[in-house]
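Each chain is listed here by its residues.
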Amino acid sequence: MHPTRLTATRVTATVAALALSASLATALAGTAAAAPSAAAPQAQPVPPGHGKSLALAAADRAADSGLDELRHGADEELVRTSVTPWANGLYYAAYERTYRGLPVVGGDAVVVSDSAGKVREVTGAKAPAIKVSTKAKVTAEAALATAREQLASVESASAPELTVLLKGGKAVLTWHTRVTGRTAQNAPSALDTYVDARTGSVAQATDKILHADGRGYHNGNVTIDTAASSMTDTSRGGFKCGGQNGSAYTGSSPWGNNGANDLVTACVDIMYAAQRESDMLKQWFGYNGINGQGGMVPARAGLSEVNAYYDGTKTTYGRNQNGTNQLTGIDVVAHEYGHEIFDRTPGSAGSSNENGGLNESTGDIFGALTEHFANNPNDTPDYTVGEKLNFTGNNQPIRNMYNPSLINNNPNCYTQLTSGTEVHAAAGPQNHWFYLLAEGSNPGGGKPNSPICSGGPSSVTGIGIQKAGKVFMGALLMKTSSWNHLAARKATLTSAKNTYGSVECNAVKAAWNAIGVPAQSGETDCGGTTNPDFSLALNPSTGSVQPGASVTSTVNTSTTGGSAQTVQLSASGAPSGVTVSFSPTSVTSGSSSTMTVQVAAGTANGTYPITVTGTGSATHTVTYQLSVGTTTPPTGCGNTEYSYQGTLASGQAAAQPDGSYYYSATSGTHVGCLRGPAGSDFDLYLQKWNGSAWADVAVGGTATADEDTSYYGTAGYYRYVVHAYSGSGAYTLGLSAP
């Protein structure tokens, strides 16, 4: 989603969208090349609190440059959708892919960067090159009818949205809709359905439902946060609990009567568990509640089935097999809200069976974490699921984390999983891993021992459940739609090393080895020293040139691990008639090189991706999009003091000067002059640093290619943002500063 144009009625929305700390939708993805006519304005000292901006600027440059797994074609964009601050100055920036303005399912990515402006880690779901028509042959109405046919009864269905689905290494144009209702077996369902927009057949269907002061029944007399007359918690995003009609129960404190099947009492237990889970996330991990924004979906009690589930919009709780109590124990409630955590972190919930098992395990892990945080004497902390609820009438828990095989012979080890393993059983290996990481294989103190799979270490020493939980939460923030056990191993190792250090990292590695998940290429080295590594970025990552001319871009490198190293630069993929050179051809990481792209006369017009490779202790790639025979930078800003040129695709934005900012030591007038490509709509924003974020102080937002601004301001830090609202091509920015 691109920023809204600034008009008199849209000022507030645009200011919020364009402030970097509030996440410009395209994240200043296309930082432009500078061709200054004079020395650039002073850029030092760095504004206070600028670490987040530096981290996100580095992440956005990586996304725009197509670093490693972030590679994308000329018709694709990686749009930053969320930012999560973490320990030690780290930020997790999540990106979703679009193709010609359409959302893409798959191909999502996460960039981990730090407050020094360095990229620390990149994870991405594998995405093929997308080349597909965006014109549907099947109507939205026909697709909706097909989607509704997938359920026996339908309660609601969202309006179909044209979406590119990445499946089996191919891109498919589909209509996406979510249908809520019941299956032929009368089970509740919330089906994300993708109908092929060419053939009308179902390309993919994934069920979002994952089953499984008051006087509570399970938790005793507890304190909960509610409104005076309803079971609504305004401090957690309006979280509420009520019956099957969706309305919050009304009344007054004390809520409930400790009755086993009293539904207000059931809501006491639900709200207590959910609120403790939310508090645990904030106090132990520094994460803002269940959905990452301080809230959570509402809850409904009183389902007349042996079931509890999350469907993407609510959690629902039924009764046990014998009808003797409601399924609202701490671990079950926290399990369901664990699904929301999995759903709301990057990559959401995937479609594979293995991904589903990891989702179920995530619910179990958050159930155990919440029990330990609450430390309620009526439900003492443990590593079993539903042990107090007698789910199926056999007085047994439904899952066991320290030895999964004790319940229905569920698999303990990764090597025991198959593509057909039922998703709840498939939770076993990661549950086992988490227990080993938190408690170890022989914890003592009355805690149960945990077996080690064949080929694993002789023993594992735990690091404690709070540390284990924070490592796991940090890994979830690196999750993509292709999440599996191998990716989880890599992400948890990175999380442990970044959050704590080598001791915890080695414990994570030992726990994965103990359940048979093998080491992966490129995984974090847990040694006491940091692995030498570097990162690449292009500024700009796109360029337009006429045949017979040349264009340049700066290849920036940074040291992201260990000591600075020599990085050899090369290019591949240039079309006939195009040569690429670097000056210098190798740099010490932390330095930059000028890439010159020379286009011979007679070179065919078109857009060409050129892969730039940096080779050192590791190999990294970025992608430069070259447009031949399209546009040249316009003129018309000759009266300003400084001049910059760049190229933007529609929807992109760039910060100037040179992707940075300048410092004005005195009060005076700031003059901006933007000349964009003919027929386009480019906008210009002057922003000033207010101590914590960039705020708009002058805007040129007309529906034309050219904009002029003038602003009298006090001393401070300033920058310009050029935004291609519609249309693509080269632009010139002129500016004068006091």
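Residues numbered from 1 in each chain as written. Predicted model: local features only at pLDDT ≥ 70, side-chain atom pairs only at ≥ 80, totals over all residues. Heavy atoms only, no water.

**Q** So what exactly am I meant to see when it comes to the overall build of the protein here?
**A** If you tally the helices and strands in the protein, you get 10 helices and 37 strands. Its C-alpha radius of gyration of 28 Å places the protein within 12% of the 27 Å reference for a compact globule of 738 residues. Accessible area of the protein: about 26900 Å², with a carbon and sulfur share of 48%. Here the protein contributes 43 positively and 52 negatively charged side chains, and the mean placements of these two sets differ by 2 Å. (Helix = DSSP H or I, 4+ residues; strand = E, 2+ residues; numbered from the N terminus. Rg over C-alpha atoms; globule rule 2.2 N^0.38 Å. Areas by Shrake-Rupley, 256 points an atom, 1.4 Å probe, with all protein chains shown as cover. Lys, Arg positive; Asp, Glu negative; His and termini not counted. Charge placed at Lys NZ, Arg CZ, Asp CG, Glu CD.)

**Q** So what exactly am I meant to see when it comes to the side chain of D379 here?
**A** Following the sequence through the fold, D379 ends up in the loop between α6 (353-374) and β18 (384-385). No salt bridge is formed by the buried D379, whose closest oppositely charged neighbour, K388, lies at an N-O distance of 5.4 Å. (Buried < 20%, exposed > 50% of the residue type's maximum accessible area, 1.4 Å probe, protein only. Salt bridge = Lys/Arg side-chain N within 4 Å of Asp/Glu carboxyl O.)

**Q** Honestly, the sheet that holds strand β25 (residues 586-588) in this entry has me stumped. Any pointers?
**A** The strands making up a sheet are joined through hydrogen bonds of the backbone, oriented either antiparallel or parallel. Across the sheet, which stays open at both edges, the 5 strands sit in the order β21-β28-β27-β23-β25 with mixed pairing between neighbours. The two strands at the open ends of the sheet, each matched to only one other strand, are β21 (542-545) and β25. Averaged over all pairs of adjacent strands, the angle between their axes in this sheet comes to 30°, without regard to strand direction. Sheet analysis places strand β23 (residues 566-572) next to strand β27 (residues 606-615), joined by 5 bridges and oriented antiparallel. Among the inter-strand pairings, Q568 is bridged to a residue of β27, identified as T615. (Pairing = 2+ DSSP bridges. Axes fitted to C-alpha atoms, helices over the stretch in contact; angles between N-to-C directions.)

**Q** Teacher, can you tell me more about unusual backbone geometry here?
**A** With the exception of glycine, most residues fall at negative phi, and the peptide bonds are largely trans. Here the residue pair S583 and P584 is connected by a cis peptide bond, since its omega of 0° sits within 30 degrees of zero. In this structure, P584 sits in the loop between β24 (578-583) and β25. A cis amide bond links Q656 with the next residue in sequence, P657, at an omega value of 10°. Note on placement: P657 falls in the loop between β30 (653-656) and β31 (662-664). For N186, which is not glycine, the phi torsion reads 65° and is therefore positive. You will see that N409, though not glycine, has its phi angle at about 55°, which is positive. As for its position among the elements, N409 is in the loop between β19 (399-400) and α7 (428-439). Relative accessible area serves as the criterion here: at 64%, N409 is assigned to the exposed category.

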